[in-house]
Amino acid sequence: MRENSVAVGVRLHNVTKRYGSVEAVRNLTLEVYEGELLVLLGPSGCGKTTTLRLVAGLERPDAGEIELFGQVVSGSRWVPPEARGIGLVFQDYALFPHLRVAENVAFGLRGWRRRQAMERVAEVLDLVGLSECADRYPHELSGGEQQRVALARALAPRPRLLLLDEPLSNLDAELRKRMRAELRRIVKGSGITALFVTHDQQEAFALADRIGVLSRGRLWQVGAPEELYHAPACRFVADFIGEATFLPGRVEAHAILTELGRFPGNGLPEGTRVELMLRPSDLRLVPDPEGPGVVVDRHFRGAESLYDVRLPSGVLVRASLGESQGLPPGTRVRLEPVSHRAVVFPVE
Amino acid sequence: MQAAAREAPPRKPVPWLLPAPAVLVAAGIFAPLAYLILRALEAEPSMLREVVLSPRNALLLWNTLLLAGGTVGGSFLLAFPLALLDVRSDLPPLLTTLVGTLPLAIPEYVGAYAFLAATGPGGTLEAVLGVPVPRPSGYWGATVVLSLFLYPYAFLNLRTALRGVDPSLEESARSLGYGPWMAFSRSVLPQLKPALSAGGLLVAIHALGDFATVGLLRYETYSSAIYLQYSAAFDRTYAAWLALLLIGLVTGMLWGEARVVRGLRLARTGIGAQRAPRRTPLGPWRWAAYGYALGLGLASVGVPVAVLGHWMLRGPGTEAGIAEALTGTLRLATPTALLAVGLALPITYWSVRYPSTASTAAERVVYFGYAIPPLAFALAVIFFALRTAPALYQTLLLLVVAASLHFLSEAIGPLRAALYQAPPRLEEAARSLGYGPLSAFFRVTLPLLRPGLLAGLALVFLSAAKDLALTTLLSPPGYTTLAVRVWGYASDAMFERAAPHGLAMIGLGAAAVGVLIQTERAR
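Remember, predicted model here, so these are calculated numbers, not experimental data.

What counts as what
- Residues numbered from 1 in each chain as written.
- Chains lettered and ligands numbered in written order.
- Predicted model: local features only at pLDDT ≥ 70, side-chain atom pairs only at ≥ 80, totals over all residues.
- Helix = DSSP H or I, 4+ residues; strand = E, 2+ residues; numbered from the N terminus.
- Rg over C-alpha atoms; globule rule 2.2 N^0.38 Å.
- Buried ≥ 20, exposed ≤ 12 C-beta atoms within 10 Å, placed from the backbone.
- Domains from an automatic or database assignment.
- Contact = placed C-beta atoms within 7 Å.
- Nonpolar A, V, L, I, M, F, W, Y, C, P; charged D, E, K, R; others polar.
- Pairing = 2+ DSSP bridges.
- Axes fitted to C-alpha atoms, helices over the stretch in contact; angles between N-to-C directions.
- Core = buried A, V, L, I, M, F, W, Y, C linked by C-beta atoms within 7 Å.

S.K.: So what exactly am I meant to see when it comes to the overall build of chain B here?
M.R.: Along its length, chain B carries 23 helices and zero strands. What you see for chain B is a C-alpha radius of gyration of 24 Å, in line with the 24 Å of a compact globule of 523 residues. Over its C-alpha atoms, taken along the principal directions, chain B stretches across nearly 65 × 60 × 45 Å. The buried share of chain B, taken over its 523 residues, is 47%.

What follows is the structure, encoded as structure tokens:
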């Protein structure tokens, strides 16, 4: 729980946006604190891009209010995008093809004195590491370079808020990883408030101060990456973030009885049926010719392997094991919970 | 470029500035037509029977259809090999582009006049060969001449379609066991259907609307009958009916083409970028290909220019009237081009950025205005002006407005293509950087539209300069253009007097085509 003294950069309150009969965003309430990098994470079509566009002012909400740094911009008042002091980085960069890199970056510096504008352009190009490309045209640059120009262009006018719509999706995997680190360094280094949209979990974990998980227009949970991983608020978030096995169990005598042993009950009434969420690292896999489980499949992941193990009840459990012990399918194993702490979801 | 799977397209409110010109244009096209119908309805029933059910009418219909069919066939026959060579062979693309588009600079009736002047007793060919060559006339003369000067429309459509064909489709067919020709005909030819129907429609429209060429070559069609009735007869009602019937015929063709194109699924599915089509080296066939391209270019451009040059040298220096005629053409074509592009810009922007049934309907109306044979449209405008604003009748203003409305459609194509190169994302980026909507349009989108704007201007200028129908019927008394002069002299077989005017037209036309080719390379 944050204290109320932390300033809020972006506040959405009960925001709804409809396209025809489809509700792209439903009663969304979210706060982005000043100076934080919040990532909106969710599968395609979940409403994250719409949310971003609503904050930018490129779309108008059908209901609800949006405030930027204490000022209402959508709702009781309407402030157009050009007056919101935002920087926008699109997935396809949207660089102006008829302008050189330096001119692209300077585009938002209308009204600045020439000398100051040129200095700012040089400063920002240096920040993203593209000082030598100032005179080139966008089509002469690689994907990664174009993306950095787009970032520089958005940052040049010193906006209060930076909005990024899946800016790394068009890059290949290696470049993506490198750009992630760069991006976080640049954004956190400038102290700007940032809202970042992606469907890639790894990206979200690497970049975010906090993550907001969206699905079908609704916000399911907001919190630090560790919080989401270890303490998901609902089954959807548990399933969406990281690998998860859901083990059926029943509450009995203040404990939860499952096929893999007893777990501490958490106050639910006697007889409630529940599901326990277990991450692969929560289970220790031990080869045991008398063990209850049978290895069904193995997923090699380099440093470790993930195993699908079938229990006598038919439930499939995922557990991980370091690579030194490669177990073929058919091996009998037993599973030992590493700790007896688990996330419990009552079965509806 | 891969776009994210976006949610449903935004339904933003449309700024009213955009549909407004479309409404004006639609009014400008339908109001005269309404008056045409009114005028036609004034006819007596007996005359009606005479007109509609007469054997003469049947003959005209048959002639007209035959001409349209023959011209479409001839144009594609000439254009298809050329388009193939342009896209799929290693022949220099400039050569094929020039041969494929330069004939646009030459009005069909100038071409007809050139062939008439070349043949027959006293013709150029007689001077060269010593033997008089028979004059082209009748159905075959008209079909060949029209095909020779209308094939660029087929060529441009075919070329665009061939360029857009994904080579991996053919490669898939080859991997599945089809030989090169089979793979081509099974995977590529079906994709040419829209081009065939769009290009065919365009050629047919021009063939149907032509009255000058068929007049020179002594072949009777609806359009030539309309012109005869209008200029010779006192009673214009018969002309009105012929015009209506012709419009009906064209509407039927439009509907037919829409049926053919509807439901065609040709867009590329799957991700990844499409590669450009592979060019086949011609080897020994090179010479045949060169021969074909050069021969075609010679026939459609070389011969007319040479013949006109020859007659001009023969003539007693009749450039005196040229300045007046040239001024007349420029005073007509320039404002027409500017007005047409000015109207086309908001309409196309509306249609591309805020697509809806209304915007599609607007584009269809504009195309309809283009498809209506210009004689029929001019007649409709006359009836309209005489009834509602007689002061405008026979003024340059009315002529320019009518011409802009009629040729508007030609500006839409290039503008639309240019707009696709300037996606809305760019304007949104400008908005986020502090620019208002109009500012963003002018600073970001408009510069990117320049090639499209220039191409639109060039096309409309060219069409207005070549126009005879609208000019003859609507221009102020005493007003003349190069087109009117050429046709007038040629009709009276005064070939020497016609020559300098014809050459001036070709010169103007070549300049416009040059601009067109340049804008294409800019994209």
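S.K.: Help me understand the domain arrangement of chain B, please; the structure alone is not making it clear to me.
M.R.: Residue and element names in this part refer to chain B. We note that the domain assignment places domain 1 (17-40 + 316-523) and domain 2 (54-220 + 282-314) within chain B. Of note, the centres of domain 1 and domain 2, computed from C-alpha atoms alone, are 24 Å apart. Contacts between domain 1 and domain 2 engage 28 residues on the former and 24 residues on the latter. For the side of domain 1 that touches domain 2, the secondary structure elements donating two or more residues are helix 17 (374-388), helix 20 (437-466), helix 22 (482-491) and helix 23 (495-522). Considering only residue class, the side of domain 1 that touches domain 2 consists of 23 nonpolar, three polar and two charged.

S.K.: Help me understand helix 1 (residues 48-56) of chain A in this model?
M.R.: For the α-helix, the turn length of 3.6 residues means that residues three or four positions removed from each other point alike. With respect to burial, helix 1 of chain A is a largely interior element, nine of its nine residues being buried. Positive phi shows up at A:Gly57, right after helix 1 of chain A, with a value of about 90 degrees.

S.K.: Even after reading the chapter, I still don't get the interface of chain B and chain A, so can you show me in this structure?
M.R.: In this assembly, 23 residues from chain B lie in contact with 31 residues from chain A. Going through the elements one at a time, helix 19 (424-432) and helix 20 of chain B are the ones with two or more residues in the side of chain B that touches chain A. The element contributing the most residues to the side of chain B that touches chain A is helix 19 of chain B, with six residues.

S.K.: Mind showing me how you'd approach the environment of B:Phe442 here?
M.R.: As for its position among the elements, B:Phe442 is in helix 20. Placed 59 residues apart in sequence, B:Phe442 and B:His501 show a C-alpha to C-alpha distance of 40 Å.

S.K.: Even after reading the chapter, I still don't get the sheet that holds strand 18 (residues 316-322) of chain A, so can you show me in this structure?
M.R.: Strands pair in a sheet through their backbones, by hydrogen bonds, and they do so in one of two ways: parallel or antiparallel. All names here are of chain A. Read from one edge of the open sheet, five strands run 15-19-16-17-18, paired in antiparallel fashion. Each edge of the open sheet is held by one strand with a lone partner, namely strand 15 (283-287) and strand 18. Going across the sheet, the axis of each strand differs from the next one's by a mean of 45 degrees, ignoring polarity. Pairing geometry for strand 15 and strand 19 (residues 332-337), over five bridges, is antiparallel. Bridge assignment links Arg 284 to a residue of strand 19, and that residue is Glu 336.

S.K.: Teacher, can you tell me more about the nonpolar core here?
M.R.: As a rule of thumb, soluble globular proteins bury nonpolar side chains together. The biggest cluster of nonpolar side chains holds 263 residues, and the ones touching the most others in it are B:Tyr113, B:Ile226, B:Ala243, B:Ala378, B:Leu379, B:Ala380 and B:Leu408. For B:Ile226, the residues in contact, after removing those within four places along its chain, are B:Phe211, B:Ala239, B:Leu242, B:Ala243, B:Leu246, B:Leu375 and B:Ala376.

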